[in-house]
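Chain and residue survey
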Amino acid sequence: AWLGLDYADLYLAHEGDLANEGMYPLKVCAEIPTTKACRAAVWQSCLDWMAAKKTRACGVANWELAWLRELEDENMTLPAVLQTKFHLHSSLESPRNAALKAFCDARGILFSGYSPLGRADWTRFDAAVGTPTLLEEPALRDMAERLGRTPAQILLRWHVKLGVPTQPRSMRAAHRKEN
């Protein structure tokens, strides 16, 4: 209702929000980090919204593999989408991301990566993992120059090649247009 819509195509249950005041069902989600009971209750609330035709699909954001297995072990409908951080410094080379993607692929869950540009507008990486932003990576800049593209366009194409849908975002209008 607060979106002004009759329904949403997709609702994502974001792990980081589950214990925040105002989340349904608050009583079972009072603990941080979240509990199995909290995750199951929030997930069931999304399934209830599907049954009430308030959303066509439910997904999760920032959930761990063990949490997805909890749903599976309880014979609950699995998410349509798993959204997780995915970029050059958090790719399929990460055992966590590789395991999540394998789980999703085996069960028909869409594995979707956010922050494909490393949140270049406002987040900086620790020097230990590379340049301050992905858009400043020397190899990426060289490739972009050689191909007549921008570093952002190269990163987004990399996602396409890997078959990992993404949602680039930016606080800058020029970057949004480029993306």
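Residues numbered from 1 in each chain as written. Predicted model: local features only at pLDDT ≥ 70, side-chain atom pairs only at ≥ 80, totals over all residues. Heavy atoms only, no water.

Observations concerning the pattern of salt bridges
Pairing of side chains with opposite charge becomes possible as their charged atoms draw close. Tallying each qualifying case throughout the model produces five salt bridges. Between Lys-36 and Glu-74 there is a salt bridge whose closest N-O contact spans 3.8 Å. Here Lys-36, found in helix 1 (residues 36–51), pairs with Glu-74, found in the loop between helix 2 (65–73) and strand 3 (81–85); they are 38 residues apart in sequence, far enough to count as distant. Given the relative accessible area of 49%, Glu-74 is considered partly exposed. Here Lys-101 and Asp-105 are joined by a salt bridge, their closest N and O atoms 2.9 Å apart. Placement of the pair is Lys-101 and Asp-105 together in helix 3 (residues 95–107), with a separation of four residues, close to one helical turn. A relative accessible area of 13% places Lys-101 in the buried class. (Salt bridge = Lys/Arg side-chain N within 4 Å of Asp/Glu carboxyl O. Helix = DSSP H or I, 4+ residues; strand = E, 2+ residues; numbered from the N terminus. Buried < 20%, exposed > 50% of the residue type's maximum accessible area, 1.4 Å probe, protein only.)

Focus on the sheet that holds strand 5 (residues 166–167)
One open sheet holds the five strands; their spatial order is 1-2-3-4-5, and the pairing between them is parallel. This sheet does not close on itself; its edge strands, each paired only once, are strand 1 (8–14) and strand 5. Strand direction decides the pairing type here: strand 2 (residues 55–61) and strand 3, joined by three bridges, are parallel. Note on strand 3: the bridge partner recorded for Ala-61 is Gln-83. (Pairing = 2+ DSSP bridges.)

Some details on the packing of aromatic side chains
By the definition in use, this model includes five aromatic pairs. With a centroid separation of 4.8 Å and 75 degrees between ring planes, the pair formed by Tyr-11 and Trp-49 is classed as edge-to-face. Of the two residues, Tyr-11 is situated in strand 1 and Trp-49 in helix 1; the sequence distance between them amounts to 38 residues. When its relative accessible area of 24% is taken as the criterion, Tyr-11 is described as partly exposed. When the centroid spacing of 5.8 Å and the interplanar angle of 90 degrees are considered together, the rings of Phe-86 and Phe-111 count as edge-to-face. Of this pair, Phe-86 sits in the loop between strand 3 and helix 3 while Phe-111 sits in strand 4 (residues 110–114), placing them 25 residues apart in sequence. (Phe/Tyr/Trp six-rings, centres within 6.5 Å; stacked < 30°, edge-to-face > 60°.)

A look at the nonpolar core
Membership of the largest hydrophobic core comes to 23 residues, with the highest contact counts inside it found for Trp-43, Val-60, Trp-63, Leu-68, Leu-82, Leu-100 and Phe-111. Broken down by secondary-structure element, the contributors of at least two residues to this core are helix 1, strand 2, helix 2 and helix 3. With five residues, the top contributor of residues to this core is helix 1. In this view, Val-60 contacts Leu-12, Ala-13, Trp-43, Leu-68, Pro-79, Val-81, Leu-82 and Gln-83; residues no more than four positions away in its chain are not counted. In this structure, Leu-140, Ile-154, Leu-155 and Leu-156 belong to the second largest nonpolar core, which totals nine residues. (Core = buried A, V, L, I, M, F, W, Y, C linked by side-chain atoms within 4.5 Å. Contact = heavy atoms within 4.5 Å.)

Here we look at helix 3
Counted at 1.5 Å a residue, the expected span for helix 3 with its 13 residues is 18 Å, and the 18 Å between its end C-alpha atoms agrees. Inspection of helix 3 places Asn-97, Leu-100, Lys-101, Phe-103 and Cys-104 among the buried residues, and these make up the whole buried set. The buried residues of helix 3 all sit within an arc of 160 degrees when viewed along its axis, so they share a single face. Structural note: helix 3 exposes Pro-95 and Ala-106 on the side pointing more than 90 degrees away from its buried face. On its buried side, helix 3 packs onto helix 2, strand 3, strand 4 and helix 5 (151–162). One or two positions beyond helix 3, positive phi appears at Gly-108, with a value near 70 degrees. (Expected span 1.5 Å × (residues − 1). Arc of directions from axis to C-beta.)

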